[in-house]
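Descriptive structure summary
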Amino acid sequence: MASAPRTTSRTADDDWWRSAVVYQVYVRSFADANSDGVGDLQGIRQRLPYLRDLGVDALWLTPFYTSPQVDAGYDVADYRNVDPLFGDLTDFDEMITDAHALGLRIIVDMVPNHTSSAHPWFAAALAAGPGSPERERYLFAEGKGEQGELPPNDWESIFGGPAWTRVVDGQWYLHLFDPAQPDLNWRHPEVRAEFEDVLRFWLDRGVDGFRIDVAHGMIKAEGLPDVGFNSMTTGQRQSELLGKGRLPYFDQDEVHDIYRAWRPILDSYPGGRMAVAEAWAETPQRLARYIGPDELHQAFSFDFLDATWSADSFRKVIDTALAESTIVGAPTTWVLSNHDRQRHVTRYGDGEVGLRRARAAALLMFALPGCVYVYQGEELGLPEVLDLPDELRQDPAFRRTGESRDGCRVPIPWGGELPPYGFGPDGSELSWLPAPATWRSLSVAAQTAAPGSTLELYRTALRIRHEHPALAGLDAITWLETEPGVLAFRRTTGDAEVTCVVNISGADVTVRGYGRPLVASADLTERGDGHVLPVDAAAWFERR
Ligand code: GLC
């Protein structure tokens, strides 16, 4: 592995992330090369040709670092190594070399808000005791009450329950997530230096970018002030304020200093290394502050994901997102699903209706200018698995809140007649979560070359998005007059013109005047000089 040179000049290709299609690989559920029932880096490596053929530009890999896996790897014990569950550093190097050879870029997850409680720093902090320099790297505090028996403040874990856990010597430590994920003290210079070095470690190994986990969380308000309520006092969970209100442990102004220090590190490498924030802020304006030439390249916009199945709702979030992107000078990110949220087939109504809508939503998303994130399995039209037995659920939030994210994390069906549908090598029967029997017909093999399959719809749409001059660029969209419940917008570059129409009106509509159909999420039928676009369907038309 050669170290990257540190001087670079910018090229047009450095802006690849502005209109890229990024495929989120949830590593433990993607492909299992060693038959242990858990996806791994060699599994990804074997499936790279599939991803190239799908037509994506980059992969975002969820954490594969050394970890006790309490929160599926978002509890990192060694930021510079691969968990044996997923392989080793050689596997990583081989995977990234092959990916680059196929023209696929690699984005890795960075988890800076907290470490695992198995991280050597935390072990040292526990051993060294109150007042020690080792404790300074985390957020230890004395409790309230006569004997310090109450938590230092009223903060609540995102996974439910108090955000504080008491250790044997009586002090408490902060964990905004699971107790096995102690929050770091980002006002400590050693913490900052460590992560700058970790970034360089992976940049030197050739990664093209980072997805920054809980990017809004690293700085906590001075004095750790109370929020003023929590589930215990008023029944309202503090996490309900995510993206809506101020919390003393999120989106503090000082957090931006961290990114201003990171950006020159990214910029010192050639090839357009980027970072995307998973950040929640009170307003779109505050979210936009994470983005810019001296901070991060992108922040996920979850408003598109949160839009309900209505024309008004989509139009509003699209307009807002595009207006914001003009302000910050960076393209929007479009996301329909990820490993934390219910899959959109199910959100849109599940079953056949949900799938129809999900396919239409994909055409809507791929027609928009900006960077698109596809969550593994959405190209197969996978629904949320709602009936996983409780004893198999592994999300740490499940034990604390009864809510679990396992249903969107079920391993990918690749082919074959029996579960786990080719997740592992031939004959391998293990998978860390069971795939439902209905997934046999949803597998990659079952959908490949099958006319009308969701996989072929994704392949076709992504090919057109890349190749068509009207869609490949970042030119603005123009909304067209339509009947209520129908969304139609045009993208134009030079003489090339594509119109995307989405029918959310509840009845079939006839569309005309947009030109020749390019792709549709459901069968179009000709009627007079136009086409009937069925209910809950979308289509692209072109004129050149
Ligand atoms: C992010 C991740 C989520 C994880 C949490 C704690 O929200 O997407 O999966 O549980 O951070 O690291």
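Computed from a predicted structure; not experimentally measured.

**Focus on the overall build of the protein**
Counting its secondary structure elements, the protein contains 15 helices and 21 strands. Over its C-alpha atoms the protein spans a radius of gyration of 24 Å, differing by no more than 12% from the 24 Å that the globule rule assigns to 544 residues. The C-alpha extent of the protein, read off along each of the three principal axes, is 80 × 55 × 50 Å. Looking at the protein as a whole, 59% of its 544 residues are labelled buried.

**Overview of the site of the ligand**
Taken together, 14 residues surround the ligand, and among them Asp-71, Asp-213, Glu-278, His-339 and Asp-340 come closest. A distance of 2.8 Å separates an oxygen atom of the ligand from a polar side-chain atom of Glu-278. One of the side-chain N or O atoms of Arg-405 is found 3.0 Å from an oxygen atom in the ligand. Within the complex, 96% of the 310 Å² of free accessible area of the ligand lies under protein. Under a 2 Å grid-point criterion requiring more than half of the atoms, the pocket assigned to the ligand is the largest pocket.

**Here's the deal with the domain arrangement of the protein**
Each domain of the protein was delimited in the assignment, giving domain 1 (10-112 + 189-219 + 254-462), domain 2 (120-174) and domain 3 (475-543). Each side of the interface is counted separately: domain 1 has 10 residues, and domain 2 has 8 residues. Across the domain 1-domain 2 interface, the total number found is 1 salt bridge. Measuring nitrogen to oxygen at the nearest pair gives 2.9 Å for the salt bridge that ties Arg-137 to Glu-190. Between the two partners, domain 1 and domain 2, sit 3 residue pairs in polar contact (both at pLDDT 80 or more). For the side of domain 1 that touches domain 2, the secondary structure elements donating two or more residues are helix 5 (189-204) and helix 12 (396-401). When residues in the side of domain 1 that touches domain 2 are grouped by element, the largest group, 4 residues, is from helix 12. The class makeup of the residues in the side of domain 1 that touches domain 2 is 4 nonpolar, 1 polar and 5 charged.

**Observations concerning the sheet that holds strand 17 (residues 509-511)**
If you walk across this open sheet you meet the 3 strands as 17-20-19, and the pairing is antiparallel. Looking at which strands have only one partner, the edges of the open sheet turn out to be strand 17 and strand 19 (525-527). The sheet shows a mean angle of 40° between the axes of neighbouring strands, taken without regard to direction. With 3 bridges joining them, strand 17 and strand 20 (residues 530-533) adopt antiparallel strand pairing. When the bridges of strand 20 are listed, Thr-510 appears paired with Val-532.

**Let's talk about the sheet that holds strand 8 (residues 172-174)**
Strand order in the open sheet formed by 3 strands is 6-8-7, and the pairing between neighbours is antiparallel. Edge strands, defined here as strands with exactly one partner in the open sheet, are strand 6 (140-141) and strand 7 (164-166).

**What about the UniProt feature "domain: Glycosyl hydrolase family 13 catalytic" (unreviewed entry) in the protein?**
This chain's UniProt record puts "domain: Glycosyl hydrolase family 13 catalytic" (unreviewed entry) on residues 24-409. When the span residues 24-409 is considered, its composition is 30% helix and 12% strand, and the gap between its end C-alpha atoms is 12 Å.

**Brief notes about empty space enclosed by the protein**
By rolling a water-sized probe across the atoms, one finds the places where empty space is left. For the structure on display, the rule yields 5 cavities of 30 Å³ or more. Estimates place the volume of the largest cavity at around 150 Å³. A class-by-class count of the residues in the lining of the largest cavity yields 10 nonpolar, 6 polar and 1 charged.

**Some points on the packing of helix 11 (residues 351-366) against helix 14 (residues 454-467)**
Remark: helix 11 packs on helix 14, axes separated minimally by 10 Å, with the N-to-C direction vectors making an angle of 10°. In terms of orientation, helix 11 lies roughly parallel with respect to helix 14. Along the contact surface, helix 11 presents Leu-355, Arg-359, Ala-362, Leu-363, Met-365 and Phe-366, while helix 14 presents Thr-454, Leu-457, Tyr-458, Ala-461, Leu-462 and Arg-465. Residue classes in the contact of helix 11 with helix 14 are distributed as 9 nonpolar, 1 polar and 2 charged.

**So, the side chain of Arg-490**
When you line up the elements, Arg-490 lands in strand 15 (residues 486-493). On the accessibility criterion, Arg-490 (19% relative accessible area) is buried. A distance of 3.3 Å separates polar atoms of two side chains, one belonging to Arg-490 and the other to Glu-497. Residues contacting Arg-490, with those up to four places away along its chain left out, are Ala-476, Ile-477, Thr-478, Leu-480, Glu-497, Val-498, Thr-499, Gly-513, Tyr-514 and Arg-543.

**Notes on the environment of Pro-331**
With respect to the secondary-structure elements, Pro-331 resides in the loop between helix 9 (311-328) and strand 12 (333-335). For the pair Pro-331 and Tyr-138, spaced 193 residues apart in sequence, the C-alpha to C-alpha distance is 35 Å.

**Topic: the nonpolar core**
The biggest cluster of nonpolar side chains holds 149 residues, and the ones touching the most others in it are Ile-318 and Trp-540. Element by element, the count of residues in this core is highest for helix 11, at 8 residues. Ile-318 has contacts with Phe-304, Trp-334, Leu-364, Leu-368, Ile-477 and Trp-479, leaving out every residue within four places of it along the chain. If you look at the next biggest cluster of nonpolar residues, it comprises 18 residues, including Trp-155, Trp-172, Phe-177 and Tyr-249.

**Remarks on the pattern of salt bridges**
Applying the stated criterion to the full structure yields 42 salt bridges. In this structure, the salt-bridge partner of Arg-544 is Glu-542, at a minimum N-O distance of 3.2 Å. In this structure Arg-544 comes out as exposed when scored by relative accessible area, which is 66%. Salt bridges sharing partners connect three or more residues here, namely Arg-246, Asp-251, Asp-253, Glu-282, Arg-286 and Arg-289.

**What about the packing of aromatic side chains?**
Taken as a whole, this structure holds 33 aromatic pairs when the rule is applied. Here the aromatic rings of Phe-140 and Tyr-173 are separated by 6.0 Å at their centres, their planes lie at 50°, and the arrangement is tilted. You can see Phe-140 sitting in strand 6 and its partner Tyr-173 sitting in strand 8, a full 33 residues away along the chain. The class of Tyr-173 is buried, set by a relative accessible area of 6%. Of the aromatic side chains, those joined through ring pairs into one cluster are Tyr-79, Trp-186, Phe-195, Tyr-259, Trp-262 and Tyr-290. Stacked on the ring of Trp-414, the Lys or Arg Arg-47 has its end atom at 3.9 Å from the ring centre.

Calculation criteria
- Residues numbered from 1 in each chain as written.
- Predicted model: local features only at pLDDT ≥ 70, side-chain atom pairs only at ≥ 80, totals over all residues.
- Heavy atoms only, no water.
- Helix = DSSP H or I, 4+ residues; strand = E, 2+ residues; numbered from the N terminus.
- Rg over C-alpha atoms; globule rule 2.2 N^0.38 Å.
- Buried < 20%, exposed > 50% of the residue type's maximum accessible area, 1.4 Å probe, protein only.
- Near = heavy atom within 4 Å.
- Polar contact = N/O pair within 3.5 Å; in protein donor to acceptor, adjacent residues only side chain to side chain.
- Areas by Shrake-Rupley, 256 points an atom, 1.4 Å probe, with all protein chains shown as cover.
- 1 Å grid on protein atoms, 1.4 Å probe; cavity = no way out; pocket = protein on both sides within 12 Å on 5 of 7 lines; lining within 4 Å.
- Sits in = over half its atoms within 2 Å of the grid points.
- Domains from an automatic or database assignment.
- Contact = heavy atoms within 4.5 Å.
- Salt bridge = Lys/Arg side-chain N within 4 Å of Asp/Glu carboxyl O.
- Nonpolar A, V, L, I, M, F, W, Y, C, P; charged D, E, K, R; others polar.
- Pairing = 2+ DSSP bridges.
- Axes fitted to C-alpha atoms, helices over the stretch in contact; angles between N-to-C directions.
- UniProt positions renumbered as here; feature names shortened; annotations may be inferred.
- Points joined across faces, edges and corners; volume = space filled by probe spheres on them.
- Parallel < 35°, antiparallel > 145°, perpendicular 65-115°, else oblique.
- Core = buried A, V, L, I, M, F, W, Y, C linked by side-chain atoms within 4.5 Å.
- Phe/Tyr/Trp six-rings, centres within 6.5 Å; stacked < 30°, edge-to-face > 60°.
- Lys NZ or Arg CZ within 6 Å of the ring centre and 35° of its normal.

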